[in-house]
Amino acid sequence: MRLLIMGPQGVGKGTQAALLAEHFDIPTISTGDIFRFNIKNKTELGLEAMSYTDKGELVPDSLTNKIVKDRLAKEDCANGWILDGYPRNAAQVEALDQMLDELGTPLDHVVALEADREVLLERMKKRAAEQGRADDTPEAIAKRLETYEKETAPLLDIYKSRGLLVLENGVGEISEISKRIISDLH
Ligand code: AMP
């Protein structure tokens, strides 16, 4: 099973990705987590990415596409994967198309989670208090939502036109949302 999980920050992508990964026994690939790991460990990639992530801006495609390409080539991706937080703009959609073409492994579904802006802001405020992520400042949160609306939300139409889009309500009980997604994927 090869899946994308899409939606704005705070909609619960990470939570649902983890449950889907467990259900289908596939790895989750979160570009945000990869950047955070590299930032924490002060790698060259981390140092470069940090100047963008801190402000809530997208890391340049050249860096981002490469980490996804390298990750998808790993052995544990042979039976599928779920990509969380990628692609985030039209150029990344194109880059992913090319990678999957080369690997001969097309996408199965694109799950898009939806929630009202007030719900998203409330959840992100809560997460900021709980986790203290460097990019959960009010400015960075606003910037990330703006970037999502402008660059990422339009990608849903691309996947809709390919017949891959599965729209899901991201508000409600975590386990109920997960059950709904899984039944809609069969
Ligand atoms: P996330 O945890 O998915 O919200 O990602 C945290 C931050 O990492 C984002 O605000 C971006 O700065 C960066 N990032 C994650 N995924 C991507 C991507 N696909 N393209 C560019 N930047 C990304």
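Since this is a predicted model, take the numbers as computed values, not measurements.

Right, let's talk about the packing of helix α2 (residues 31-40) against helix α3 (residues 44-53) for a bit. Two elements in contact, α2 and α3, have axes separated by 8 Å at closest approach and are oriented at 115°. Crossing angle aside, the handedness with which α2 passes α3 is left-handed. Residue-level inspection shows Phe-35, Asn-38 and Ile-39 of α2 in contact with α3, the latter providing Leu-45, Gly-46, Ala-49, Met-50 and Thr-53. Considered class by class, the residues forming the contact of α2 with α3 number five nonpolar, three polar and no charged.

We now examine the UniProt feature "binding site: AMP" (unreviewed entry) in the chain. Residues given the UniProt feature "binding site: AMP" (unreviewed entry) here are Thr-31, Arg-36, Glu-57, Leu-58, Val-59, Gly-85, Tyr-86, Pro-87, Arg-88, Gln-92, Arg-133 and Arg-144. Taking the farthest pair of C-alpha atoms as the criterion, the annotated set spanning 114 residues is dispersed, since that pair is 24.8 Å apart. Checked against the element boundaries, Glu-57 lands in the loop between α3 and α4 (61-72). Judged by its relative accessible area of 32%, Glu-57 falls in the partly exposed class. Discounting chain neighbours no more than four positions away, the residues touching Glu-57 are Tyr-52 and Lys-143. Position of Pro-87 relative to the elements: it lies in the loop between β3 (81-84) and α5 (90-103). Relative accessible area serves as the criterion here: at 2%, Pro-87 is assigned to the buried category. Sequence-distant contacts of Pro-87, defined by excluding residues within four places in its chain, comprise Leu-4, Met-6, Gln-92, Val-93, Leu-96, Thr-152, Leu-155 and Tyr-159.

We now examine the UniProt feature "binding site: ATP" (unreviewed entry) in the chain. Feature annotation in UniProt places "binding site: ATP" (unreviewed entry) on Gly-10, Val-11, Gly-12, Lys-13, Gly-14, Thr-15, Arg-127 and Gly-172, given in this structure's numbering. If you trace the backbone, Gly-10 turns up in the loop between β1 (2-6) and α1 (13-24). Overall, the relative accessible area of 17% leaves Gly-10 in the buried class. Excluding residues within four positions of it along the chain, Gly-10 makes contact with Leu-120, Arg-123 and Met-124. If sequence neighbours within four positions are ignored, Lys-13 has contacts with Ile-5, Met-6, Gly-7, Pro-8, Asp-84, Gly-85 and Leu-113. Within the structure, Lys-13 has its side chain in polar contact with the backbone oxygen of Gly-7 (distance 2.8 Å).

Let's shift gears to the site of the ligand. Surrounding the ligand, one finds 16 residues, the nearest of these being Thr-31, Arg-36, Glu-57, Gly-85 and Gln-92. Within the backbone of Glu-57, one N or O atom sits 2.6 Å away from an oxygen atom of the ligand. Measuring from an oxygen atom of the ligand, one finds a side-chain N or O atom of Arg-88 at 3.0 Å. Here the ligand loses 96% of its free accessible area of 480 Å² to cover by the protein chains. By residue number, the principal contributor to the shell around the ligand is α2, which donates four residues. By residue class, the composition of the shell around the ligand is four nonpolar, six polar and six charged.

Parameters at a glance
Residues numbered from 1 in each chain as written. Predicted model: local features only at pLDDT ≥ 70, side-chain atom pairs only at ≥ 80, totals over all residues. Heavy atoms only, no water. Axes fitted to C-alpha atoms, helices over the stretch in contact; angles between N-to-C directions. Helix = DSSP H or I, 4+ residues; strand = E, 2+ residues; numbered from the N terminus. Left-handed = near helix turned anticlockwise from the far one by under 90°. Contact = heavy atoms within 4.5 Å. Nonpolar A, V, L, I, M, F, W, Y, C, P; charged D, E, K, R; others polar. UniProt positions renumbered as here; feature names shortened; annotations may be inferred. Buried < 20%, exposed > 50% of the residue type's maximum accessible area, 1.4 Å probe, protein only. Polar contact = N/O pair within 3.5 Å; in protein donor to acceptor, adjacent residues only side chain to side chain. Near = heavy atom within 4 Å. Areas by Shrake-Rupley, 256 points an atom, 1.4 Å probe, with all protein chains shown as cover.

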